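Report on the structure
The lines below spell out each chain.
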Amino acid sequence: MTSYMPKASEIERKWFVIDAEGKNLGRLASEVAMILRGKKKPTYTPFIDCGDYVIIVNAEKFAVTGGKMDKKTYFRHSDYVGGAKTTTLKELVAKHPTQAVEHAVRGMLPKGALGNQMYKKLFVYAGPEHTHAAQKPEKYDF
């Protein structure tokens, strides 16, 4: 008897809407990453993208504990001398409200081509409206 391994064509994908208002950033990101990977499905296979689509609304209204809004920093470098730039979480949310959630989820997905494929199924919106009503997404609570 061999283990069942689903083929890419056999995977059924659903659409979920998650409201980020008042949710802790790290807990939200880990739950979304598990849905994108498909770990909540009985047909989960580590080397196949068998996850679902996720729409996150109200992404700018997430919560963090402690002083993370002022203390947490994001680092990037331009590969030029003196090209290091740091941004705090508060500045990032003020400038690009959805990037903090996207960055947190991206860090919890696998690295490489498989993770990139999973990340493309994530849609993040700062406000309560989204443009995916035709897909009939289900509300997801955790």
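Please refer to the structure higher up on the page.
Below or above, wherever it landed, is the structure these notes cover. (Residues numbered from 1 in each chain as written. Predicted model: local features only at pLDDT ≥ 70, side-chain atom pairs only at ≥ 80, totals over all residues. Heavy atoms only, no water.)

1. Overview of the environment of Leu109
You can see Leu109 is positioned in the loop between helix 4 (99–107) and helix 5 (113–119). The spatial distance from the C-alpha of Leu109 to the C-alpha of Ala134 is 27 Å, given a sequence separation of 25 residues. (Helix = DSSP H or I, 4+ residues; strand = E, 2+ residues; numbered from the N terminus.)

2. A look at the pairing of strand 2 (residues 53–57)
Within strand 2, four of the five residues are buried, which leaves the element mostly enclosed by the surrounding structure. The pairing of strand 1 (residues 15–19) with strand 2 spans five bridges and is classified as parallel. Looking across to strand 2, one finds that Val17 is bridged to Ile55. In this structure, strand 2 lies alongside strand 5 (residues 122–124), joined through three bridges in parallel fashion. Paired with Ile56 across the strands is Val124, a residue of strand 5. (Buried < 20%, exposed > 50% of the residue type's maximum accessible area, 1.4 Å probe, protein only. Pairing = 2+ DSSP bridges.)

3. Here's the deal with the sheet that holds strand 1
Taken in spatial order, the four strands of this open sheet run 5-2-1-6, and their pairing is parallel. Every other strand in the sheet has two partners, leaving strand 5 and strand 6 (138–139) as the edge strands with one partner each. Of the strand pairs in this sheet, strand 1 and strand 6 are connected by two bridges, and their pairing is parallel. Across the sheet, the residue bridging to Phe16 is Glu138, located in strand 6.

4. Observations concerning the pairing of strand 4 (residues 84–88)
As judged from the five bridges shared by strand 3 (residues 73–77) and strand 4, these two strands associate in the antiparallel manner. Among the inter-strand pairings, His77 is bridged to a residue of strand 4, identified as Ala84. The turn linking strand 3 back onto strand 4 is made up of six residues, and Asp79 within it adopts a positive phi angle of 70°.

5. A word on the nonpolar core
Residues Val32, Val54, Ile56, Val101, Val105 and Leu122 are the most contacted members of the largest nonpolar core, which totals 28 residues. In terms of residues, this core owes the most to one element, helix 1 (residues 25–37), which gives seven residues. Residues within four places of Leu122 in sequence aside, it is in contact with Val32, Leu36, Val54, Ile56 and Val105. (Core = buried A, V, L, I, M, F, W, Y, C linked by side-chain atoms within 4.5 Å. Contact = heavy atoms within 4.5 Å.)

6. Thoughts on the layout of surface pockets
In this model, the largest pocket occupies a volume close to 270 Å³. Considering the residues around the largest pocket, the lining is formed by Tyr74, Phe75, Arg76, Thr87, Glu91, Leu92, Lys95, His96, Gln99 and His103. For the lining of the largest pocket, the elements supplying multiple residues, two or more each, are strand 3, helix 3 (89–95) and helix 4. Considered class by class, the residues forming the lining of the largest pocket number three nonpolar, four polar and three charged. (1 Å grid on protein atoms, 1.4 Å probe; cavity = no way out; pocket = protein on both sides within 12 Å on 5 of 7 lines; lining within 4 Å. Points joined across faces, edges and corners; volume = space filled by probe spheres on them. Nonpolar A, V, L, I, M, F, W, Y, C, P; charged D, E, K, R; others polar.)

7. Quick look at the packing of helix 1 against helix 4
For any two helices packed against each other, one specifies the inter-axial angle together with the distance between the axes. Where helix 1 contacts helix 4, the axes come no closer than 8 Å and their chain directions differ by 55°. When the axis of helix 1 is compared with that of helix 4, the two are oblique. Handedness of the helix 1/helix 4 crossing: right-handed. Mapping the contact onto sequence places Leu25, Leu28, Ala29, Val32 and Leu36 in helix 1 and Ala100, Val101, Ala104 and Val105 in helix 4. (Axes fitted to C-alpha atoms, helices over the stretch in contact; angles between N-to-C directions. Parallel < 35°, antiparallel > 145°, perpendicular 65-115°, else oblique. Left-handed = near helix turned anticlockwise from the far one by under 90°.)

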